[in-house]
Amino acid sequence: MGAHSRTSTVAVAGVAQSRDRYFDTLRALALVRVVAYHTFGWPWAAMAFPSMGVMFALAGTLMAKSLERPAPKVIRSRLRRLLPPFWFWGVFVVTAMLVHGWMPGWQIVFWVVPLGDPPGNAWGEQAWEILWYLRTYLWFVLLSPLLLRIFRLAPVPVLLLSLAPVVVFQYVRQPPDDRLGAVLLDLATYLFCWLLGFAHRDGVLARLRPGPVVVLSLAALASGGWYALAHRAEYGTYDLDDIPLAQTFWSAGFVTLLMWTKARLGVDLAGLTRYRRLNRLVTVFNARAVTIYLWHELALVLAVPLIDRFWEVPAFEAYLPLESQWFLFGVGWVLIAVSVLACGWVEDVAARKRPKLLP
């Protein structure tokens, strides 16, 4: 499926390791933006805040930190944190599709380990189409020991060269139109952001001078924005999630500025802890990132028939903005909160912690 109208976010496994409020806040904002995008369908949302680039960069930072331990142990830990919540969610989705006439073939193995896009039918598409992110994240985790070695040979050149694969796919040779091609294209689209996380963890960003960073970041933003707008007729939209090349360069410029600001200026948002409710909300978002990501589309799907029932109550029909997308957005978040309370404990079990309703 290419880079996607199915934008969605989460540096899902290992988020509990991070206590940096700057990164935690970025992750929470990314999740909110994902839900907003899937509610309103704003084509400009990825330009305002490229959630996926942000999340892959944060995950890359955590992965580089974790790889200070033996690689096999790190990979097992990531799989353990990611797969049980995915399996738990998948039981509901797969069962619902089976009830609605779906019969899988051997590809059902991708519902066990999503190294390729899991199969499904049209009835459940809105739920399972978001799994491209988990699949891409999983591949980055598996490749990280090798990627980190290559990166450390020549950090800045390797980082810049990581933009080349998506350019090759755009102008030289398209990836195959199958599961392998989808994996390759998504890896190429977000490779820079993942390596940018390495650069932050290794202190490379902190050593870069402001001039080149700002100039190159603005150039990447300009390139990505120009390509999206110039090829609007070709793609039928300027939504970056449908345009891999534009997504890559826009995310590269945007996320570099965010990560460099953190590395060079030491921004940490530690003052957030003074606002207890907001700080608590950020904590919950980070500890339940997998749950929010997996269940948010189902919450939005279920919100529609629920709101339809509201029309049967005269007071609701008279006083509630039932036709508003903002009302759908609000109801969706209520159902997401229910999902967090009902299903979030699976993340605790996966992390070998005592299950809690809320972290």
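Residues numbered from 1 in each chain as written. Predicted model: local features only at pLDDT ≥ 70, side-chain atom pairs only at ≥ 80, totals over all residues. Heavy atoms only, no water.

Asks: A description of the environment of D24 should follow, citing residues and the corresponding values.
Replies: As for its placement among the helices and strands, D24 is situated in helix α1 (residues 21–40). Sequence separation between D24 and P321 is 297 residues, and the spatial gap between their C-alpha atoms is 33 Å. (Helix = DSSP H or I, 4+ residues; strand = E, 2+ residues; numbered from the N terminus.)

Asks: Give me a nonpolar patch on the surface: which residues, what numbers.
Replies: On the surface, W87, V112 and V113 cluster together to form a nonpolar patch covering roughly 240 Å² of accessible area. You can see W87 is positioned in helix α4 (residues 71–99). For W87, a relative accessible area of 39% puts it in the partly exposed group. (Patch = residues over 30% accessible without salt bridge, like charges linked within 9 Å, V, L, I, M, F, W, Y side chains within 5 Å. Areas by Shrake-Rupley, 256 points an atom, 1.4 Å probe, with all protein chains shown as cover. Salt bridge = Lys/Arg side-chain N within 4 Å of Asp/Glu carboxyl O. Buried < 20%, exposed > 50% of the residue type's maximum accessible area, 1.4 Å probe, protein only.)

Asks: Please set out the packing of helix α8 (residues 164–171) against helix α13 (residues 244–265) residue by residue, giving values where relevant.
Replies: Orientation of α8 relative to α13, taken along the N-to-C sense of each, is 160 degrees, at an axis distance of 9 Å. By the angle between their axes, α8 is roughly antiparallel relative to α13. The two elements α8 and α13 cross, and the hand of that crossing is left-handed. Judged by residue contacts, V166, V167, Q170 and Y171 of α8 engage P244, L245, T248 and F249 from α13. A class-by-class count of the residues in the contact of α8 with α13 yields 6 nonpolar, 2 polar and no charged. (Axes fitted to C-alpha atoms, helices over the stretch in contact; angles between N-to-C directions. Parallel < 35°, antiparallel > 145°, perpendicular 65-115°, else oblique. Left-handed = near helix turned anticlockwise from the far one by under 90°. Contact = heavy atoms within 4.5 Å. Nonpolar A, V, L, I, M, F, W, Y, C, P; charged D, E, K, R; others polar.)

Asks: Residue-level account of the nonpolar core, with values.
Replies: What tends to happen in soluble globular proteins is that the nonpolar side chains get buried as a cluster. Membership of the largest hydrophobic core comes to 105 residues, with the highest contact counts inside it found for F56, W89, W111, Y133 and W194. With 13 residues, helix α9 (residues 179–201) is the single largest residue contributor to this core. Once you skip the residues sitting within four places of it in the chain, W89 turns out to touch W111, A127, W128, L131, L294, W295 and L298. (Core = buried A, V, L, I, M, F, W, Y, C linked by side-chain atoms within 4.5 Å.)

Geometric descriptors of this kind do not, in isolation, establish any biological role.
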